[in-house]
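Residues per chain, in single letters:
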Amino acid sequence: MNFENRIQQFSYLFTKADEKIARYILDHPVGDHFSTITSLAYAIDVSTSSITRFSHKLNYQHFQDMKFNIQQTYEKTDIQNVPLIKRIHEYHQTIIQQTGEFISNEKINQLISTLSNSEQTLFAGLGSSGLTATEFYYRTMRMGINGSAVTDAHQMKIGASLLSEKDVLIAFSNSGKTDELINAAKIAKSQNATVIAITNYAGSELTANSDIVIMTIDQTRVNDKQFINTQISAHFLIDVVSYMLLEYQNNMNQYQHTRDVILKDNKS
């Protein structure tokens, strides 16, 4: 897993010293300050032991392990001067590649098993995350999976309050701090429903109220203010899940049936 992904995954564990180290490295990923652990500690104005603890917190074996990974992460050409279409293509490729580092087969199988065995699934999100939640609902609906999509705060609460221990809430929130999603998750938990959070950050109040947490990439790391697509990684995730769901013959039969109905109507 590259350095920036580790920062995203473990940032909820950071102390103020860790945040200071992370910010300095992100702002100065290359340079002579990385020659030794002492030179980096001096540049940041922290102790060498703080650097060691920071590297362990990011699941590196030691400073040299972290240093090598940082070098690999930032050994890429500057794409700001390449043609626009190629640049956007590079953004998409990078986001999808890094999302793949977060998504494990274990988590995906948990999601699929829970979704397949639920009597009712509530897909919830606000703003662009709401559009992703709705897309996920439409796909699973065509496979015969019972559910509904909500993108309104009041409807989220109402829908969550009607869930049971046999049902599932899938909450999409990039930050994990969306109050409306957190409230819906709390209500769903009080109804003994299973809560699945799809978010950029662990350690949030949303993930604290979730049974399954699947992380996706924080796309603001592209560092281009004109690139405003925040849902690529989430859509990559639901592409993977959709593909795997259609490996079940019953889901494929239902999907094919809905496709045939639509094609028949178009020919009428």
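Rules behind the numbers
Residues numbered from 1 in each chain as written. Predicted model: local features only at pLDDT ≥ 70, side-chain atom pairs only at ≥ 80, totals over all residues. Heavy atoms only, no water. Salt bridge = Lys/Arg side-chain N within 4 Å of Asp/Glu carboxyl O. Helix = DSSP H or I, 4+ residues; strand = E, 2+ residues; numbered from the N terminus. Buried < 20%, exposed > 50% of the residue type's maximum accessible area, 1.4 Å probe, protein only. Pairing = 2+ DSSP bridges. Axes fitted to C-alpha atoms, helices over the stretch in contact; angles between N-to-C directions. Phe/Tyr/Trp six-rings, centres within 6.5 Å; stacked < 30°, edge-to-face > 60°. Lys NZ or Arg CZ within 6 Å of the ring centre and 35° of its normal. Lys, Arg positive; Asp, Glu negative; His and termini not counted. Polar contact = N/O pair within 3.5 Å; in protein donor to acceptor, adjacent residues only side chain to side chain. Contact = heavy atoms within 4.5 Å. Expected span 1.5 Å × (residues − 1). pLDDT = per-residue confidence, 0-100. Core = buried A, V, L, I, M, F, W, Y, C linked by side-chain atoms within 4.5 Å. Arc of directions from axis to C-beta.

**Thoughts on the pattern of salt bridges**
Two side chains with opposite charge may pair up if their charged atoms get near one another.
Okay, so step 1: Counted under the stated rule, the structure contains seven salt bridges.
Okay, so step 2: For Asp 18, the salt bridge is made with Lys 57, and the minimal N-O distance between the two is 2.7 Å. Placement of the pair is Asp 18 in helix H2 (residues 16–27) and Lys 57 in helix H4 (residues 48–57), with a sequence separation of 39 residues.
Okay, so step 3: You can call Asp 18 buried: its relative accessible area is 3%.
Okay, so step 4: For Arg 139, the salt bridge is made with Glu 135, and the minimal N-O distance between the two is 2.9 Å. Here the residue Arg 139 and the residue Glu 135 both occupy positions in helix H8 (residues 127–141), the gap between them amounting to four residues, near one helical turn.
Okay, so step 5: Several salt bridges converge on common partners, so that one network encompasses Glu 135, Arg 139 and Asp 239.

**Notes on the sheet that holds strand E4 (residues 194–199)**
Okay, so step 1: The parallel open sheet is built from five strands, whose spatial order is E2-E1-E3-E4-E5. Here the strands that pair on one side only, and so sit at the sheet edges, are strand E2 (147–150) and strand E5 (212–215). Ignoring which end each strand starts from, the neighbouring axes of this sheet average 15° apart.
Okay, so step 2: In the sheet, strand E3 (residues 168–173) pairs with E4 via six bridges, with the strands oriented parallel.

**Quick notes on the packing of aromatic side chains**
Okay, so step 1: What the rule picks out here adds up to six aromatic pairs.
Okay, so step 2: Ring centres of Phe 14 and Phe 54 lie 5.6 Å apart, and the angle between their planes is 50°; this geometry places the pair in the tilted category. Linking Phe 14 in the loop between helix H1 (3–10) and H2 with Phe 54 in helix H4, this pair joins segments that are 40 residues apart in sequence. Like Phe 14, the residue Phe 54 is buried in the burial classification.
Okay, so step 3: Each member of the aromatic cluster is reached from another via a ring pair, and the members are Phe 123, Phe 136, Tyr 137, Tyr 138 and Phe 172.
Okay, so step 4: Just above the ring of Tyr 60 sits the side chain of Arg 6; from NZ or CZ to the centre is 4.0 Å.

**Observations regarding the side chain of Asp 167**
Okay, so step 1: Assignment of secondary structure puts Asp 167 in the loop between helix H9 (153–161) and E3.
Okay, so step 2: For Asp 167, which is buried and forms no salt bridge, the nearest opposite charge comes from Lys 166, at a distance of 8.3 Å.
Okay, so step 3: Within the structure, Asp 167 has its side chain in polar contact with the backbone nitrogen of Gln 120 (distance 3.1 Å).
Okay, so step 4: Once you skip the residues sitting within four places of it in the chain, Asp 167 turns out to touch Ser 118, Glu 119, Gln 120, Leu 162, Ala 193 and Thr 194.

**Details of helix H12 (residues 232–245)**
Okay, so step 1: Here H12 contains 14 residues, and its C-alpha end-to-end distance of 20 Å stays within 8% of the 20 Å for a straight helix at 1.5 Å per residue.
Okay, so step 2: Within H12, burial applies to Ile 232, Ser 233, Ala 234, Leu 237, Ile 238, Val 241, Ser 242 and Leu 245.

**Notes on the confidence of the model for the chain**
Okay, so step 1: In this model, the chain carries an average pLDDT of 91, and 96% of its residues clear a pLDDT of 70 or more.
Okay, so step 2: Of all secondary-structure elements in the chain, the lowest mean pLDDT belongs to helix H5 (residues 63–74), at 85, while strand E1 (residues 121–125) reaches the highest, 98.

**A word on the environment of Lys 157**
Okay, so step 1: With respect to the helices, strands and loops of the structure, Lys 157 is situated in helix H9.
Okay, so step 2: Along the sequence, Lys 157 and Glu 180 sit 23 residues apart, while their C-alpha atoms lie 8.0 Å from each other.
Okay, so step 3: Those residues in contact with Lys 157, other than ones at most four positions away along the chain, are Asn 183 and Ile 187.

**Description of the pairing of E5**
Okay, so step 1: Residues Ile 212 and Ile 214 of E5 are buried on one face, and the alternating residues Val 213 and Met 215, pointing to the opposite face, are buried as well.
Okay, so step 2: Direction of pairing for E4 relative to E5: parallel, over a ladder of four bridges. Looking at the pairing, Ile 198 lines up with Ile 214 of E5.

**Some remarks on the nonpolar core**
Okay, so step 1: In terms of nonpolar packing, the biggest core is built from 23 residues, with Leu 111, Leu 115, Phe 136, Ile 170, Phe 172, Ile 198 and Val 241 touching the most fellow members.
Okay, so step 2: The set of elements that each furnish at least two residues to this core consists of helix H7 (105–117), H8, E3, E4, E5 and H12.
Okay, so step 3: Top contributing element to this core by residue count: H12, with five residues.
Okay, so step 4: What Ile 170 contacts, discounting residues up to four positions off in sequence, is Leu 115, Thr 121, Leu 122, Phe 123, Ala 124, Phe 136, Ile 196 and Ile 198.
Okay, so step 5: If you look at the next biggest cluster of nonpolar residues, it comprises 21 residues, including Ile 25, Leu 40, Leu 58 and Tyr 60.

**Focus: H2**
Okay, so step 1: Compared with the 16 Å implied by 1.5 Å per residue over 12 residues, the 17 Å span of H2 between its first and last C-alpha is a close match.
Okay, so step 2: Along H2, the residues that are buried comprise Asp 18, Ile 21, Ala 22, Tyr 24 and Ile 25. Buried residues along H2 cover an arc of 165° about the axis, so they all sit on one side.
Okay, so step 3: Contact partners of the buried residues in H2: H1, helix H3 (37–44), H4 and H5.

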